[in-house]
Amino acid sequence: MMKRLFGVIPVVFGVVFLTFLLVHAVPGDPVEVMLGESASSADRIQLQSDLGLDQPIYVQFGVYLNKLVHGDWGVSIHSKKQIVDLLAERLPATAKLALLALLFAVMIGLPLGVIAALKVNQWPDKLANLLSLSISAMPHFWMGPMLMMLFALWLGFLPVSGMENGTSIILPALTLGFGLAAILTRMTRASMLEVLHEDFIRTARAKGLAESTVILRHALRAALLPIVTVLGLQLGSLLAGTVITETVFSWDGIGRLLVESIEKRDYPVTQACVLVVALVYVLVNLATDMIYTKIDPRVRFAT
Amino acid sequence: MSRKYWSVWVLALWLIGTVVVSLGDFHPNQIHLNLILAKPSVNHLLGFDDLGREILPRLLAGAQVSLVVVIVVTAITASLGIVLGLVSGYYGGWIDRSLMQITDVFLAFPGILLAIAFAAVLGAGLNNLILALCITSWVSYARLTRAQVLSLRQRQHVIAAESLGASTPRIMLKHMLPLLAAPLLVEATYSMAGLVIAEASLSFLGLGIQAPSASWGAMLRDGVRYMLIAPHYVLGVGLSLMSLVLAVNVLGDRLRDQLDVRG
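In this numbering scheme, every chain counts its residues from 1 along its sequence in written order. All chains are assigned letters beginning with A, and all ligands numbers beginning with 1, in the order in which they are written. Since the coordinates come from a predicted model, pLDDT governs what is reported: local features require at least 70, and pairs of side-chain atoms require 80 or more to be given and counted, while whole-chain, interface and lining totals use all residues. Excluded from the side-chain calculation are hydrogens and water; included are all heavy atoms of the structure.

### As for the overall build of chain A
Here is step 1 of the chain: Along chain A, the regular secondary structure elements total 13 helices and zero strands.
Here is step 2 of the chain: Strands here are runs of E lasting at least two residues and helices are runs of H or I lasting at least four, both read from the DSSP assignment and numbered beginning at the N terminus. What you see in chain A, going N to C, is helices and strands ordered as α-α-α-α-α-α-α-α-α-α-α-α-α.
Here is step 3 of the chain: The principal-axis extents of the C-alpha atoms in chain A amount to approximately 80 × 55 × 30 Å.
Here is step 4 of the chain: A simple rule labels every residue: compare its accessible area, found with a 1.4 Å probe on the protein chains alone, to the largest value its type can have, and call it buried under 20%, exposed over 50%, or partly exposed in between. Burial status across chain A gives 47% buried among its 303 residues.
Here is step 5 of the chain: Summed over all atoms, the accessible surface of chain A reaches about 14,900 Å², with 65% contributed by carbon and sulfur. Per-residue accessibility takes into account occlusion by the displayed protein chains alone, with areas from the Shrake-Rupley method and a 1.4 Å probe.

### Focus: the overall build of chain B
Here is step 1 of the chain: Helix and strand counts for chain B stand at 10 helices and zero strands.
Here is step 2 of the chain: Projected onto its principal axes, the C-alpha coordinates of chain B cover approximately 75 × 45 × 30 Å.
Here is step 3 of the chain: Relative to its full complement of 263 residues, chain B shows a buried share of 50%.
Here is step 4 of the chain: By definition in these notes, contact holds between two residues if any of their heavy atoms fall within 4.5 Å. In chain B, of all internal contacts separated by at least 6 residues, the share reaching a separation of at least 24 is 71%.
Here is step 5 of the chain: When the accessible area of chain B is evaluated, it comes to approximately 12,300 Å², of which 65% is carbon and sulfur surface.

### Some words on the interface of chain A and chain B
Here is step 1 of the chain: Contacts between the two partners involve 40 residues from chain A and, on the opposite side, 39 residues from chain B.
Here is step 2 of the chain: Buried area: the accessible surface (1.4 Å probe) lost by two parts on joining, summed over both. A buried area of about 3,400 Å², summed over both sides, lies between chain A and chain B, and 87% of it is on carbon and sulfur atoms.
Here is step 3 of the chain: A per-residue breakdown of the area chain A buries against chain B is headed by Leu-18, Phe-141 and Trp-142 of chain A, which together make up 20% of the total.
Here is step 4 of the chain: By definition here, a salt bridge exists when the distance from a side-chain nitrogen of Lys or Arg to a carboxyl oxygen of Asp or Glu is within 4 Å. In this assembly, chain A and chain B are joined by zero salt bridges.
Here is step 5 of the chain: Of the residues forming the side of chain A that touches chain B, the biggest block, eight residues, is contributed by helix H10 (residues 211–248) of chain A.

### Side note on the pattern of salt bridges
All names here are of chain A.
Here is step 1 of the chain: According to the stated counting rule, one finds 13 salt bridges over all chains in the structure shown.
Here is step 2 of the chain: The closest approach of N and O atoms between Arg-205 and Glu-211, which form a salt bridge, is 2.8 Å.
Here is step 3 of the chain: On the basis of relative accessibility, which here comes to 38%, the residue Arg-205 falls in the partly exposed class.
Here is step 4 of the chain: Residues joined in a network through salt bridges with shared partners are Arg-90, Asp-252, Arg-256 and Glu-260.

### Side note on the confidence of the model for chain B
Here is step 1 of the chain: The quantity called pLDDT is the predictor's confidence in a given residue, expressed from 0 to 100. Overall, the predicted model of chain B reaches an average pLDDT of 86, with 98% of residues at or above 70.
Here is step 2 of the chain: Taken element by element, chain B is modelled with least confidence in helix H1 (residues 6–23) of chain B, mean pLDDT 82, and with most confidence in helix H6 (residues 139–152) of chain B, mean pLDDT 92.

### A closer look at the side chain of Ser-191 of chain B
All names here are of chain B.
Here is step 1 of the chain: The topology assignment puts Ser-191 in helix H8 (residues 168–204).
Here is step 2 of the chain: Given a relative accessible area of 16%, Ser-191 falls into the buried group.
Here is step 3 of the chain: Of the polar contacts made by the side chain of Ser-191, one reaches the side chain of Tyr-141; its length is 3.3 Å. N or O atoms within 3.5 Å of each other form a polar contact, as long as, within protein, one can give a hydrogen and the other can take it, and as long as residues adjacent in sequence are counted only when both atoms are side-chain atoms.

### Considerations on the environment of Phe-109 of chain B
Here is step 1 of the chain: On the secondary structure map, Phe-109 of chain B appears in the loop between helix H3 (93–107) and helix H4 (113–122).
Here is step 2 of the chain: On the accessibility criterion, Phe-109 of chain B (4% relative accessible area) is buried.
Here is step 3 of the chain: Separated by 49 residues in sequence, Phe-109 of chain B and Leu-60 of chain B have C-alpha atoms that sit 32 Å apart.
Here is step 4 of the chain: Residue contacts for Phe-109 of chain B: discarding those within four places in its chain leaves Val-15, Leu-18, Thr-19, Val-274, Ala-278 and Tyr-281 of chain A together with Leu-114 of chain B.

### Some points on the environment of Leu-91 of chain A
Here is step 1 of the chain: In this fold, Leu-91 of chain A is placed in helix H5 (residues 83–118).
Here is step 2 of the chain: As a C-alpha pair, Leu-91 of chain A and Cys-273 of chain A span 182 residues in sequence and 9.7 Å in three-dimensional space.

### Description of helix H9 (residues 216–225) of chain B
Here is step 1 of the chain: Counted residue by residue, H9 of chain B has seven buried out of 10 residues, so it is predominantly covered.
Here is step 2 of the chain: As for H9 of chain B, its buried residues are in contact with helix H7 (140–154) of chain A together with H1, helix H2 (55–91), H8 and helix H10 (231–259) of chain B.

### Some remarks on the packing of H6 of chain B against H8 of chain B
Residues and elements named next belong to chain B.
Here is step 1 of the chain: Taken N-terminus to C-terminus, the directions of H6 and H8 make an angle of 150°; their axes are 10 Å apart at the nearest point. Relative to H8, H6 is oriented roughly antiparallel. Once H6 is placed against H8, the crossing between them reads as right-handed. Mapping the contact onto sequence places Ser-140, Tyr-141, Leu-144, Thr-145, Gln-148, Val-149 and Leu-152 in H6 and Met-176, Leu-179, Leu-180, Pro-183, Leu-184, Glu-187, Ala-188 and Ser-191 in H8.
Here is step 2 of the chain: Throughout, the ten residues Ala, Val, Leu, Ile, Met, Phe, Trp, Tyr, Cys and Pro are labelled nonpolar, Asp, Glu, Lys and Arg are labelled charged, and all others, Gly among them, are labelled polar. Partitioned by chemical class, the residues of the contact of H6 with H8 number 10 nonpolar, four polar and one charged. Fitted lines through C-alpha atoms give the axes, limited to the stretch in contact for helices. The angle between two N-to-C directions lies from 0 to 180 degrees. By definition in this entry, angles of less than 35 degrees are roughly parallel, angles greater than 145 are roughly antiparallel, angles of 65 to 115 are roughly perpendicular, and the rest are oblique. Helix crossings get a hand from a simple test, with the near helix turned counterclockwise from the far one by less than a right angle marking a left-handed crossing and a clockwise turn marking a right-handed one.

Below, the structure written as structure tokens:
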């Protein structure tokens with residue numbers, strides 16, 4: 001447990017270093033790229049020293065790290081606002097979206113997977129397989145517009161995009177959630193199939209328990225363990241998916257902030273968005289591992 | 001047989017299409033001002049886009065870009081990843097530990113986030129797009145190769161070769177690499193499907209090939225804009241993308257089952 005906890009430190013360090021390198025990957029003079037050719041030389045020198053670009057690279061990294069730790073994530077070139085404030089403004093929207101997407105994914109994926117496993121090789125299984133395969137082949141920027149077309153434009157009972165309405169969140173969350181649901185369906189099916197052959201399931205049936213109790217209380221509970229791990233890992237692709245989904249649906253979260261900053265060449269903001277998403281992902285994975293050791297007695301007693 | 005191999009047929013169709021469009025007399029960028037957003041017809045199977053360009057040739061030109069990106073990125077990242085994985089798994093020790101630490105860092109960036117960021121700062125264009133995708137997709141090959149090498153090292157034929165004094169490169173190339181081929185092939189197939197999506201995602205965000213060159217992501221973005229008045233545009237592009245990704249994924253599943261690679 002402690003080992004896992006400390007193992008995160010070099011990863012976080014590396015993540016910070018890689019995002020730090022991003023600004024150095026800008027071809028040519030990053031100051032010129034960001035400010036444009038018409039900027040005054042005073043502005044240039046100001047930005048150059050703001051970014052620390054007049055220092056050797058290891059000094060720059062040290063300064064960058066030091067500032068990050070002290071909550072100084074720099075200033076947006078475009079809006080001149082503190083980046084920390086920008087992130088804090090946008091993060092709740094993304095968190096809300098990701099959590100609802102996760103909820104949708106679990107609500108769709110788990111039951112489908114269980115049904116597929118119970119009716120293995122019959123039509124419900126085949127249908128679930130077909131659905132999850134096709135959905136896996138639909139990237140967010142295709143799924144999003146399709147859902148928009150269906151629910152908002154043709155059926156007309158959900159808002160197309162934006163975030164003024166309470167129901168605006170449903171379509172982007174579905175867009176994000178479907179992809180995860182497809183993976184979850186396949187995982188649940190495989191995991192359930194494995195568990196259903198176990199001795200304790202036969203015992204439970206032999207005891208005369210109701211079939212629903214056997215499936216839900218005994219089988220599903222055991223089958224959930226590997227699913228939790230996958231869910232943690234897949235939350236990453238969900239976070240990455242917010243970049244496109246938020247752009248499609250004009251949802252003002254971190255993902256859209258990232259795209260906007262790219263369009264405005266506001267690279268310090270780009271850098272901060274990438275960093276914050278990666279850090280959240282690292283923490284989520286850490287938390288998943290912790291939860292895993294908590295809910296699986298075998299792991300808990302082994303360590 | 002035809003049902004079993006439909007994924008291969010779909011892929012073959014796309015490959016032929018990309019070849020035909022580069023050889024034949026097609027003009028993916030030619031503008032017909034009287035045919036802006038014209039609906040599909042017998043002569044123009046997928047209709048026209050918002051600038052009056054025919055969609056089908058543009059789709060095939062886009063497929064060509066996609067194909068080039070996928071092949072180049074896969075060739076570079078697979079070779080790099082395999083070499084790193086072989087060295088790391090075979091020698092172990094600090095080389096292995098540092099390489100794994102580095103891959104851990106790359107894996108800490110979810111999905112295509114890092115590719116988006118690099119493509120953004122590197123600037124638009126085909127070369128930078130390829131570079132950005134290369135930076136982020138060598139990791140899975142390195143991890144897979146390393147894991148396989150770790151178990152192969154204990155195999156008797158490798159131990160036998162070692163005790164007979166075979167050189168390290170010989171052991172890696174003759175005794176390990178052939179056994180790595182099957183899992184790597186499956187990995188490469190899935191990764192190619194991912195690359196098709198990644199390329200389209202980046203160009204959807206305006207980070208890939210620039211206009212007027214066709215790319216699926218950019219076409220989708222334009223298609224979405226006109227989805228109310230001309231749904232044929234977005235549907236044509238989207239369904240094409242879906243068919244290709246689905247075919248590659250199904251091919252991956254089939255390869256995995258046939259070569260008996262455990263996921």
